[in-house]
Each structure stands twice: as C-alpha cells, then as structure tokens.
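# Understanding the architecture of this molecule
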Amino acid sequence: MTAIGIYGSEGRMGRVIATIAEDEGARVAGGVDAGGDPVALAHASDVLVDFSTPAALEAHLAAAVAARTPILVGTTGLTPAHHAMIDRAAETIAVLQTGNTSLGVTLLGILVREAAQRLGTEWDVEIVEMHHRHKVDAPSGTAVLLGEAAAEGRNTTLNEERVDGRAGLVGARTEGTIGFSSLRGGTVVGDHLVVFAGEGERIELGHRGEDRSIFARGAVKAALWLADRPAGRYGMAEVLGL
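In this report, the structure presented in the accompanying data block is examined.

What counts and how
- Residues numbered from 1 in each chain as written.
- Predicted model: local features only at pLDDT ≥ 70, side-chain atom pairs only at ≥ 80, totals over all residues.
- Heavy atoms only, no water.
- Buried < 20%, exposed > 50% of the residue type's maximum accessible area, 1.4 Å probe, protein only.
- Helix = DSSP H or I, 4+ residues; strand = E, 2+ residues; numbered from the N terminus.
- Arc of directions from axis to C-beta.
- Pairing = 2+ DSSP bridges.
- Axes fitted to C-alpha atoms, helices over the stretch in contact; angles between N-to-C directions.
- Contact = heavy atoms within 4.5 Å.
- Phe/Tyr/Trp six-rings, centres within 6.5 Å; stacked < 30°, edge-to-face > 60°.
- Lys NZ or Arg CZ within 6 Å of the ring centre and 35° of its normal.

## Regarding helix α1 (residues 12-20)
What α1 keeps buried is the set M13, G14, I17 and I20. Considered in projection along α1, the buried side chains sweep an arc of 145° and stay on one side of the axis.

## Observations regarding the sheet that holds strand β7 (residues 162-164)
Sheets are built from strands paired through backbone hydrogen bonds, the pairs being either parallel or antiparallel. Strand order in the open sheet made by the five strands is β7-β8-β6-β9-β10, with mixed pairing throughout. Only two strands of the sheet have a single partner each, and these edge strands are β7 and β10 (201-209). The sheet shows a mean angle of 20° between the axes of neighbouring strands, taken without regard to direction. Across seven bridges, strand β6 (residues 124-131) lies against strand β9 (residues 190-198) in antiparallel orientation. Looking at the pairing, E126 lines up with V195 of β9. Against the sheet, helix α6 (residues 141-153) makes contact with β6, β7, β8 (178-184) and β9, and its axis sits at roughly 165° relative to β8, the strand it touches most.

## Points about the packing of aromatic side chains
According to the stated counting rule, one finds one aromatic pair in the structure shown. Seen in terms of ring centroids, W225 and Y234 are 5.3 Å apart; in terms of plane orientation they differ by 85°. Their pairing is edge-to-face. With respect to class, W225 is no different from Y234; both count as buried. Directly above the ring of F180 sits R162, whose terminal nitrogen or CZ lies 5.3 Å from the centroid.

Shown next, in the form of structure tokens:
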C-alpha cells in the first residue's frame, strides 16, 4: 500500500487521516508535529500530506523536495509568499495545493466558476462561511478557493476584487467585487454559501461539512492520485478528472 506521511499529525485533520487511511487503501508511514523531523518522514513516505501551519510550510516543502516526495498541501491561511514557495517546489516534485479536500467542495468550486462566468458582474457575489470556535484563520481556505473560482469565471483575479468584511460607513457596493463574511462558533465543521445577488433574484450555492472524515477521505484519495504524478502543481479538480 502507498505510504502516507502526515505533517500536522496531532491536529484535527492529521488524526482523522491516520484513522481512515487504511480503509482508503493506504498506510501511514508516520507523522510529524511541532519539533519533529520532516526530512526523515519525507524519505520514509511515498507521498506527504501537510495540514500543519503556514509557518511550517517552508521546512516541509524543503524536506519534500530533498526527498523527491510528492506533497499535498492542505494548510490554510497561506500568503502570496507561501504560494511562491509552492510554485518553486512544483518545479521539482508533484505538489497539490488546496483550501479544501472535500470532493463536494471541489465540485462546488466548478459550479461557482460557471455561474460567475455566465451571470457576469451585474450579479453581486458574496461568500459566507462558518467554522468552529477554534479556527484561527479567516476567511477560510475554502472560502478563498470559492472566491478564486468566481474571479476566474469573470476573467479577473481575487486580489483585484476581494473585500473582507464590512463595518461602518463603507459606502455602496462596488460592481464586480467579491465579498467575504466569516462566522465562528461552536463545533461547526465547515459551512460555505456563495450568494449571487441580481436584480430581484438570488442564486445560492452551498456546501455543509457534517463530519471531518469527508475532508480526510478526500485528502487520502488525492494523496494516492498524487503519489505517481510528475513534477508540477495540481488541484483537486484534476483528482476528479474535471
């Protein structure tokens, strides 16, 4: 069986991946959390998954490159500098980066892109997400993924159109912008709603994660797919052949 190494093995996702890996046709080569040896794990693994922290990403990518081991990056809260690191690593190894490993969210992103393309900027786009009280980054990686899908459908970039939250006298909404609102509380696994608001009507596309295992199963499926890919940067849509 394919041996998966887990960066962030003591986190929520890391623990669930370790629990369900064998059911999905893989085995766990080992895990590393803060203070562990990422290089040794990279050499012991056929493929790596990283659900740790943005601060650890550079070391994990370096270990993966040194061992020539493919890596799935599911860590959220990444900056443009982190994405530049991923691009450099992808010149040497296969890297799959995603804000969400759910197969349902992957399909939702495609629907959002299609809707944004066909509806145009006359329809306002707002993305609302809610997660458990312990989540530290906002908006969520999934919300950003969906915003990027909407921007792609409009032939623009999210950086150009993004608006994070609103408070005070912010003025009227600017056409073409993509807004984000983040809610935190309780034990919510992950809810995402993309609202397309037009004149006199709305379209709402959404996804609710009811169990963290959906993300873990998607991550293992993606890791198995990634294990024998050539160097390059990949996304979840390619795992589904979309």
